Amino acid sequence: EIEVNSAIDLVLGCDDESVAYVPHLKGYSLPVAKDNIWENSLNLGKIQYDESVETYQDTLNAVVYRQEPDASGDEACPMGSTVNIYLTISQVKVNNSTK
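Just so you know, these numbers come straight off a predicted model, no measurement behind them.

Conventions we followed
Residues numbered from 1 in each chain as written. Predicted model: local features only at pLDDT ≥ 70, side-chain atom pairs only at ≥ 80, totals over all residues. Heavy atoms only, no water. Helix = DSSP H or I, 4+ residues; strand = E, 2+ residues; numbered from the N terminus. Polar contact = N/O pair within 3.5 Å; in protein donor to acceptor, adjacent residues only side chain to side chain. Contact = heavy atoms within 4.5 Å. Salt bridge = Lys/Arg side-chain N within 4 Å of Asp/Glu carboxyl O. Buried < 20%, exposed > 50% of the residue type's maximum accessible area, 1.4 Å probe, protein only. Pairing = 2+ DSSP bridges.

J.: Is there a simple way to explain the side chain of N84 in this structure?
T.: When you line up the elements, N84 lands in strand β5 (residues 82–88). There is a polar contact of 2.7 Å between the side chain of N84 and the backbone nitrogen of K46. In contact with N84, other than residues within four places in its own chain, are G45, K46, R66, Q67 and E68.

J.: Would you explain the pattern of salt bridges in this entry?
T.: It is possible for side chains of opposite charge to pair when their charged atoms get near one another. Following the criterion strictly, the structure yields three salt bridges and no others. Across the pair K93 and D50 runs a salt bridge, and its minimum N-O distance is 3.0 Å. Here K93 is found in helix α3 (residues 91–96), whereas its partner D50 is found in the loop between β2 (43–49) and α2 (56–61), with 43 residues between them in sequence. Looking at K93, the relative accessible area reads 27%, which means it is partly exposed.

J.: Quick question: what am I supposed to make of the pairing of β5 here?
T.: The side chains of a regular strand alternate, residue by residue, between the two faces of the sheet. Buried residues dominate β5, accounting for six of its seven residues. Of the strand pairs in this sheet, β2 and β5 are connected by five bridges, and their pairing is parallel. Residue Q48 lies in a different strand from β5, and its bridge partner there is Y86. Bridge count for strand β3 (residues 63–68) against β5 is five bridges, and the pairing is antiparallel. Residue pairing across strands places Q67 opposite I85, the latter belonging to β5.

See the structure below:
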């Protein structure tokens, strides 16, 4: 039994051993990157546009050139982890990025 007006902390999730793999997002638009993140049981963290993005149309055309954590392919992280993405309209920056 619980007293009326008592605070309750409810925690939902999988066991501590449930893991996800960070998808490769480089070159994808924001909507596609979001879908990939969510489909892999991860959460979208920071979204940051670089200095090349100046207008609303630029935001629609921007693609991911960097992400944190990087998509290593073989390293797993806990489900629900946060993925930060960085977007640009500079194709040179996308081609030259290492992360």
